[in-house]
Amino acid sequence: MSMSERIFNFNAGPSALPLEVLETAQAELLNFQGTGMSIMEMSHRSKEYEAVNSETEALTKELLGIPDHYRVLFLQGGASTQFAMVPLNFLSAGATADYILTGGWSEKAAEEAGKVGQVHVAASSKGTKFDRIPTLDEIVLSEAPAYVHLTSNNTLYGTAWHDFPDFGDQTVVADMSSDIMSRPVDVNKFSLIYAGAQKNLGPAGVTIVIMDPALLERANKNIPTMLQYGIHHKNDSLYNTPPVFVVYMVNLVLKWLKKNGGLTQMAAHNQAKAALIYEAIDQSQGFYKGHAKPESRSLMNITFTMPNEELETKFISEAKKLKMIGLKGHRSVGGMRASTYNAVPMEACKTLAEFMKEFQRKNG
Ligand code: PMP
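Computed from a predicted model, the values in this text were never measured in an experiment.

This part covers the overall build of the protein. In terms of helices and strands, the protein carries nine helices and 14 strands. At 21 Å, the protein has a C-alpha radius of gyration in line with the 21 Å of a compact globule built from 364 residues. With the C-alpha coordinates aligned to their principal axes, the bounding extent of the protein is approximately 60 × 60 × 30 Å. Within the span of the protein, comprising 364 residues, buried residues form 54% of the whole. Accessible area of the protein: about 15900 Å², with a carbon and sulfur share of 51%. Computing the positive centroid from 34 side-chain charges and the negative centroid from 38, the protein places the two 5 Å apart.

Right, here's the structure in full:
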């Protein structure tokens, strides 16, 4: 397949992967590092795979500037399993965990915690259809929360935290599924970060957990083995058979990130990409209506609606003719959503922004 046959992929996840990464995987598919077999065919206890496992942890730490003593774990079950693992490990029956609700995924996370202990909603923007991130003075913590949970980027509604609050001594947990590695983050503010791989890191099938092991001192041991962070920590993510091919793909994506200047470069690139599309929205005098309040806009998921559904359907079908796919919005917001993750090239965003202006000229 030639480069020109690749489409402009605005999918929300699984989503675009860097072409270069796919090509490397293709070249190494049948014979990984001279072993005469694919990485999918070898033992997870082989020295070749163990090297991939530990290098992927090291690269994650290097790129995100993660403190040395933190661990990076590669788990399965998606971010949805983390919704349950976090409270199962760190919330006991009578205790309270604080959740900041900024979209459908944080609601789901809170729901799981509610099955284990008490949930206190520390702030919520549900009243305005999750169109913004709550301001600092809106956040009211409970008296002694087991932890505070937030979602850094809201994939469905297209909002993101631009500055993370400083919660002092509180244990802070973040779901960073849809913006991990899109920008530098001060990991010291968090005791645990989790993210499904299928947006910025690789294919679906692995969930990255970044954790301060000090947290394990208070972890509940009376839960199924596979759900204990401590077990995965002790076994270097090799307690059971890991998704070897997916971790390998994450490894390639991280090397691609590093080669392209790391997270500072990536943040600038993502900012420039998103600006093109937000500009088309802002210039449209209401033809395109952005869902997110400007100060809460996500750089990863850009959500907007149009004057009526007929136009939206036409927009999607004409965009497809220009090789742009994945633009239909999530049913909770409607309209359009352009996901502009790390691997989505500038050219895709330029093409979309130009198309938006042209479509408005013809239909506005
Ligand atoms: N959290 C966020 C912010 C997400 O965007 C998603 C998936 N789109 C999830 C959690 C759920 O992830 P998974 O499908 O890996 O369970």
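Following the structure, the description resumes.
With respect to the secondary-structure elements, Thr-207 resides in strand 10 (residues 207–211). A residue is classified by how much of its surface remains accessible, and Thr-207, at 0% relative accessible area, is buried. Engagement of the side chain of Thr-207 in a polar contact is seen with the backbone nitrogen of Gly-78, the distance being 3.2 Å. Beyond its immediate stretch of four places on either side in the chain, Thr-207 contacts Leu-73, Phe-74, Leu-75, Gln-76, Gly-77, Gly-78, Ala-79, Gln-82, Ala-195 and Gly-196.

What follows is about the domain arrangement of the protein. When its domains are assigned, the protein resolves into domain 1 (23–259) and domain 2 (262–363). Taking the mean C-alpha position of each, domain 1 and domain 2 sit 27 Å from one another. Residue-level contacts link 27 residues of domain 1 with 24 residues of domain 2. Of the roughly 2100 Å² buried between domain 1 and domain 2 on both sides combined, carbon and sulfur atoms contribute 56%. The largest share of the area that domain 1 buries against domain 2 comes from Asp-131, Leu-156 and Tyr-157, three residues that together contribute 24% of it. Close ionic contact of Lys-293 with Asp-131 constitutes a salt bridge, the shortest N to O distance being 3.2 Å. Counting across the domain 1 and domain 2 interface gives 14 residue pairs in polar contact (both at pLDDT 80 or more). Going through the elements one at a time, helix 2 (47–64), strand 6 (153–154), strand 7 (159–160) and helix 6 (244–259) are the ones with two or more residues in the side of domain 1 that touches domain 2.

Bringing the pattern of salt bridges into the picture now. What the rule picks out here adds up to 15 salt bridges. The closest approach of N and O atoms between Glu-48 and Lys-47, which form a salt bridge, is 3.3 Å. We classify Glu-48 as partly exposed; its relative accessible area is 21%. By relative accessible area, Lys-47 is classed as exposed at 66%.

Attention shifts here to the packing of aromatic side chains. Evaluation of the coordinates by the stated rule reveals 16 aromatic pairs. Judged by centre distance (5.1 Å) and plane angle (65°), the ring pair of Phe-130 and Tyr-157 falls under edge-to-face. With Phe-130 in the loop between strand 4 (118–124) and strand 5 (148–151) and Tyr-157 in the loop between strand 6 and strand 7, this pair connects stretches of sequence that are 27 residues apart. An aromatic cluster of at least three residues, connected via ring pairs, comprises Phe-287, Tyr-288, Phe-304, Phe-315, Phe-355 and Phe-359.

With that settled, the discussion passes to the pairing of strand 2 (residues 71–75). Here strand 2 lies mainly inside the structure; five of its five residues are buried. The alternating pattern of strand 2 places Arg-71, Leu-73 and Leu-75 on one face and Val-72 and Phe-74 on the opposite face, and all of these are buried. As judged from the five bridges shared by strand 2 and strand 10, these two strands associate in the antiparallel manner. Considered in strand 10, the bridge of Leu-75 is made with Thr-207.

What follows deals with the nonpolar core. The biggest cluster of nonpolar side chains holds 54 residues, and the ones touching the most others in it are Leu-64, Ile-100, Leu-150, Ile-180, Met-181, Phe-190 and Ile-210. The element best represented in this core is helix 6, accounting for 11 residues. When residues no more than four places from it in sequence are discounted, the contact partners of Leu-150 are Ile-100, Trp-161, Phe-164, Phe-167, Val-172, Val-173, Ala-174, Asp-175 and Phe-190.

Moving on, we come to the packing of helix 6 against helix 7 (residues 262–282). Running from amino to carboxyl end, helix 6 crosses helix 7 at an angle of 80°, the nearest separation of the two axes being 7 Å. Relative to helix 7, helix 6 is oriented roughly perpendicular. The segment helix 6 lies against helix 7, with Trp-256, Leu-257 and Lys-258 engaging Gly-262, Leu-263 and Met-266. Of the residues contributing to the contact of helix 6 with helix 7, the split by class is four nonpolar, one polar and one charged.

Calculation notes
- Residues numbered from 1 in each chain as written.
- Predicted model: local features only at pLDDT ≥ 70, side-chain atom pairs only at ≥ 80, totals over all residues.
- Heavy atoms only, no water.
- Helix = DSSP H or I, 4+ residues; strand = E, 2+ residues; numbered from the N terminus.
- Rg over C-alpha atoms; globule rule 2.2 N^0.38 Å.
- Buried < 20%, exposed > 50% of the residue type's maximum accessible area, 1.4 Å probe, protein only.
- Areas by Shrake-Rupley, 256 points an atom, 1.4 Å probe, with all protein chains shown as cover.
- Lys, Arg positive; Asp, Glu negative; His and termini not counted.
- Charge placed at Lys NZ, Arg CZ, Asp CG, Glu CD.
- Polar contact = N/O pair within 3.5 Å; in protein donor to acceptor, adjacent residues only side chain to side chain.
- Contact = heavy atoms within 4.5 Å.
- Domains from an automatic or database assignment.
- Buried area = accessible area lost by both parts, 1.4 Å probe.
- Salt bridge = Lys/Arg side-chain N within 4 Å of Asp/Glu carboxyl O.
- Phe/Tyr/Trp six-rings, centres within 6.5 Å; stacked < 30°, edge-to-face > 60°.
- Pairing = 2+ DSSP bridges.
- Core = buried A, V, L, I, M, F, W, Y, C linked by side-chain atoms within 4.5 Å.
- Axes fitted to C-alpha atoms, helices over the stretch in contact; angles between N-to-C directions.
- Parallel < 35°, antiparallel > 145°, perpendicular 65-115°, else oblique.
- Nonpolar A, V, L, I, M, F, W, Y, C, P; charged D, E, K, R; others polar.

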